[in-house]
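# Descriptive structure summary
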Amino acid sequence: MAEAFTFSVAEREKIVKNYFKQGINGPLDVFPSKDKRKYIVASEIIKRFDRDKRYTEKEINDLLRTIHPDFATIRRFLIDYRFMNRSDDGRQYWIEG
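So, how was this worked out
- Residues numbered from 1 in each chain as written.
- Predicted model: local features only at pLDDT ≥ 70, side-chain atom pairs only at ≥ 80, totals over all residues.
- Heavy atoms only, no water.
- Helix = DSSP H or I, 4+ residues; strand = E, 2+ residues; numbered from the N terminus.
- Polar contact = N/O pair within 3.5 Å; in protein donor to acceptor, adjacent residues only side chain to side chain.
- Phe/Tyr/Trp six-rings, centres within 6.5 Å; stacked < 30°, edge-to-face > 60°.
- Buried < 20%, exposed > 50% of the residue type's maximum accessible area, 1.4 Å probe, protein only.
- Core = buried A, V, L, I, M, F, W, Y, C linked by side-chain atoms within 4.5 Å.
- Contact = heavy atoms within 4.5 Å.
- Arc of directions from axis to C-beta.
- Axes fitted to C-alpha atoms, helices over the stretch in contact; angles between N-to-C directions.
- Parallel < 35°, antiparallel > 145°, perpendicular 65-115°, else oblique.
- Nonpolar A, V, L, I, M, F, W, Y, C, P; charged D, E, K, R; others polar.

### What about the environment of Asp50?
If you trace the backbone, Asp50 turns up in the loop between α2 (35-45) and α3 (57-65). Spatially, the C-alpha atoms of Asp50 and Ile95 are 7.6 Å apart, while their sequence positions differ by 45 residues. Among the polar contacts listed, one links the side chain of Asp50 to the backbone nitrogen of Asp52, at a separation of 2.9 Å.

Given below as structure tokens:
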């Protein structure tokens, strides 16, 4: 999916700074409406997860809730854009790649 979006380092930094006003480890002010911006924001959010861990939905929700109140929308985006995958029964989530 990354190949669908092209952006410079400067553009990426500007978007990250605009959406994470308290810094990259802080909360997200608003989840972007444009896909390219969502992708850049999601690529930062996914860094907060351990690639070697299988998560429950509750664990995913709890972590995402610290980032933004609409954690369900962000969780769906992470799955739809293949940053994260989940088992067919929805009990386990893990990081792609």
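### Let's talk about the packing of aromatic side chains
Taken as a whole and judged by the stated rule, the model has 6 aromatic pairs. Note on Phe31 and Phe77: the rings are 5.7 Å apart at their centroids and 75° apart in plane angle, and the pair reads as edge-to-face. Of this pair, Phe31 sits in the loop between α1 (9-19) and α2 while Phe77 sits in helix α4 (residues 71-80), and the two are 46 residues apart along the sequence. You'll find Phe31 and Phe77 in the same group, each marked buried.

### Considering the nonpolar core
Grouped together as the largest cluster of nonpolar side chains are 29 residues, with contacts concentrated most on Leu28, Ile45, Phe49, Leu64, Leu78 and Met84. Looking at this core, the elements with two or more residues in it are α1, α2, α3, α4 and β2 (93-95). Of all the elements, α4 adds the most residues to this core, at 6 residues. In contact with Met84, other than residues within four places in its own chain, are Ile46, Phe49, Ile60, Leu78, Ile79, Tyr93, Trp94, Ile95 and Glu96.

### Structural notes on α1
Within α1, the full set of buried residues consists of Ile15, Val16 and Tyr19. Considered in projection along α1, the buried side chains sweep an arc of 100° and stay on one side of the axis. For α1, exposure combined with an orientation more than 90 degrees from the buried face picks out Val9, Ala10, Glu13, Lys14 and Lys17. In this structure, the buried residues of α1 make contact with α2.

### Here's the deal with the packing of α1 against α2
Where α1 contacts α2, the two axes come as close as 10 Å, and the packing angle between them is 80°. As summarised for this structure, α1 and α2 are arranged roughly perpendicular, according to the angle between their axes. Contacts between α1 and α2 involve Glu11, Arg12, Ile15, Val16 and Tyr19 from the first element and Lys36, Arg37, Ile40, Val41, Ser43 and Glu44 from the second. Considered class by class, the residues forming the contact of α1 with α2 number 5 nonpolar, 1 polar and 5 charged.

### A closer look at the side chain of Lys38
Relative to the assigned elements, Lys38 resides in helix α2. In this structure Lys38 comes out as buried when scored by relative accessible area, which is 18%. Residues in contact with Lys38, not counting those within four places in the same chain, are Phe31, Pro32, Ser33 and Phe77.

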